Amino acid sequence: MSFVVAIDGPAAAGKGTLARRIAETYGFHHLDTGLTYRATAKALLDAGLSLDDEAVAERMALDLDLSGLDRAVLSRHEIGEAASKVAVMTPVRRALVTAQRRFSGKLPGTVLDGRDIGTVVCPDAPVKLYVTASPEVRARRRFDEIIANGGTADFEAIFADVKTRDERDMGRADSPLKPAQDALLLDTSEMSIEAAFLAAKSIIDERLNSN
Ligand code: CDP
Ligand code: CDP
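Residues numbered from 1 in each chain as written. Chains lettered and ligands numbered in written order. Predicted model: local features only at pLDDT ≥ 70, side-chain atom pairs only at ≥ 80, totals over all residues. Heavy atoms only, no water.

As recorded in an unreviewed UniProt entry, the protein chain goes by Cytidylate kinase and comes from Allorhizobium borbori. Reading the Sequence similarities (unreviewed entry) entry of the UniProt record for the protein chain gives the comment "Belongs to the cytidylate kinase family. Type 1 subfamily." (UniProt positions renumbered as here; feature names shortened; annotations may be inferred.)

Here's what the structure looks like:
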């Protein structure tokens, strides 16, 4: 059976950074499930279709090819916004969750990061991590990323976006963002990437040894 590491948390908490490091260390396959919502939203935007039509959005989600997902192509701000809108639709979630579960069965193991991995997609995962940080710290990280890439950014606007996205993700009826009961909480507000990785590694090693 595949060994699954489920990582959830809000935007810019450090999920992807941690997931990639774990996947590299253990030779596991990694899926950033946010990209599946982003790609569905981009398909609608590119085709000039409404973001409100559930049946059309579901079709896009069913047609999605997980092997072609690329964060560089999907990173635009409008795509992230649109993704959190299609993510409230139950038929879209059902289609994407099915594809994500299929991915989670890959051998020898997988790391999935998103908002509902430990609660909905892989509730039986032997390792569940809930990575978070204060909204200010997360907005600062997004701001620093844009500046480091040579862009310009307005901190207050990013901070407002982070809070709106949190509200939408935590407040939706279907699969809201929340820690699974058995998740290890990692608040990275004042924790380095290395310290978060070592905390994750310790629980992964313990579960791998008892499996
Ligand atoms: O990178 P960022 O934190 O901006 O977001 P993302 O992980 O790329 O996800 C984009 C949006 O997809 C999120 O705001 C969620 O609304 C949605 N999403 C979700 O509902 N469930 C997941 N498992 C992953 C993402
Ligand atoms: O995947 P998610 O949106 O949760 O976050 P990320 O893309 O992994 O991390 C967002 C940014 O925060 C990246 O630039 C990381 O290098 C940085 N980060 C950090 O400064 N300290 C941490 N403990 C974790 C991430």
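**Student:** So what about the overall build of the protein chain? Which residues, and what values?
**Tutor:** Looking only at helices and strands, the protein chain features ten helices and five strands. Seen along its three principal axes, the alpha-carbon backbone of the protein chain occupies a region of about 50 × 35 × 30 Å. In the protein chain, which comprises 211 residues, the share counted as buried stands at 45%. Pairs at least 24 residues apart make up 79% of the contacts formed inside the protein chain by residues separated by at least 6 positions. (Helix = DSSP H or I, 4+ residues; strand = E, 2+ residues; numbered from the N terminus. Buried < 20%, exposed > 50% of the residue type's maximum accessible area, 1.4 Å probe, protein only. Contact = heavy atoms within 4.5 Å.)

**Student:** Explain the confidence of the model for the protein chain residue by residue, including any values.
**Tutor:** Residue-level pLDDT values for the protein chain average 96, and 100% of them are 70 or greater. In the predicted complex, the global pTM is 0.97; the interface-specific ipTM is 0.96. (pLDDT = per-residue confidence, 0-100.)

**Student:** Account for the UniProt feature "domain: Cytidylate kinase" (unreviewed entry) in the protein chain, with residues named and values stated.
**Tutor:** Those places that UniProt annotates as "domain: Cytidylate kinase" (unreviewed entry) correspond, in this numbering, to residues 5–194. Along residues 5–194 one finds 53% helix and 13% strand; the C-alpha atoms at either end are 18 Å apart.

**Student:** Please provide a residue-by-residue account of the site of ligand 1, values included.
**Tutor:** Near ligand 1 lie 18 residues; those nearest to it are R38, R93, D116, R165 and D169. With respect to ligand 1, the side chain of T33 contributes an N or O atom lying 3.0 Å from a nitrogen atom. In this structure, R93 approaches ligand 1 through a side-chain N or O atom, which is 2.8 Å from an oxygen atom. Those elements giving two or more residues to the shell around ligand 1 turn out to be α2 (34–46), α5 (77–86) and α9 (155–171). (Near = heavy atom within 4 Å. Polar contact = N/O pair within 3.5 Å; in protein donor to acceptor, adjacent residues only side chain to side chain.)

**Student:** Break down the domain arrangement of the protein chain for me, with residues and values.
**Tutor:** Taken as a whole, the protein chain is organised into domain 1 (1–28 + 108–211) and domain 2 (33–106). Using C-alpha coordinates to define each centre, domain 1 is positioned 19 Å away from domain 2. The interface of domain 1 with domain 2 comprises 20 residues on the first partner and 20 residues on the second. Of the roughly 1,600 Å² buried at the junction of domain 1 and domain 2 (both faces included), carbon and sulfur atoms supply 48%. For the interface between domain 1 and domain 2, the tally reads two salt bridges. Of the charged contacts, one joins D116 and R93 as a salt bridge, the two residues approaching to 2.9 Å between their closest N and O atoms. Contributing elements (two or more residues each) for the side of domain 1 that touches domain 2: β3 (109–114), α7 (117–121) and α9. Examining the composition of the side of domain 1 that touches domain 2, we find that five residues originate from one element, β3, more than from any other. (Domains from an automatic or database assignment. Buried area = accessible area lost by both parts, 1.4 Å probe. Salt bridge = Lys/Arg side-chain N within 4 Å of Asp/Glu carboxyl O.)

**Student:** Tell me about α9, and name the residues and values.
**Tutor:** Here α9 is 17 residues long and its end C-alpha atoms lie 24 Å apart, about the 24 Å a rise of 1.5 Å per residue gives. Of the positions making up α9, those classed as buried are F155, I158, F159, V162, R165, D166 and D169. One side of α9 carries all its buried residues, which in axial view fall inside an arc of 130°. When the buried face of α9 is taken as reference, the exposed residues oriented beyond 90 degrees from it are E156, E167 and G171. Of the surrounding elements, those touching the buried residues of α9 are α2, α5 and α8 (135–148). At the N-terminal boundary of α9, the capping side chain belongs to D154, with an oxygen 3.1 Å from the backbone nitrogen of E156. (Expected span 1.5 Å × (residues − 1). Arc of directions from axis to C-beta.)

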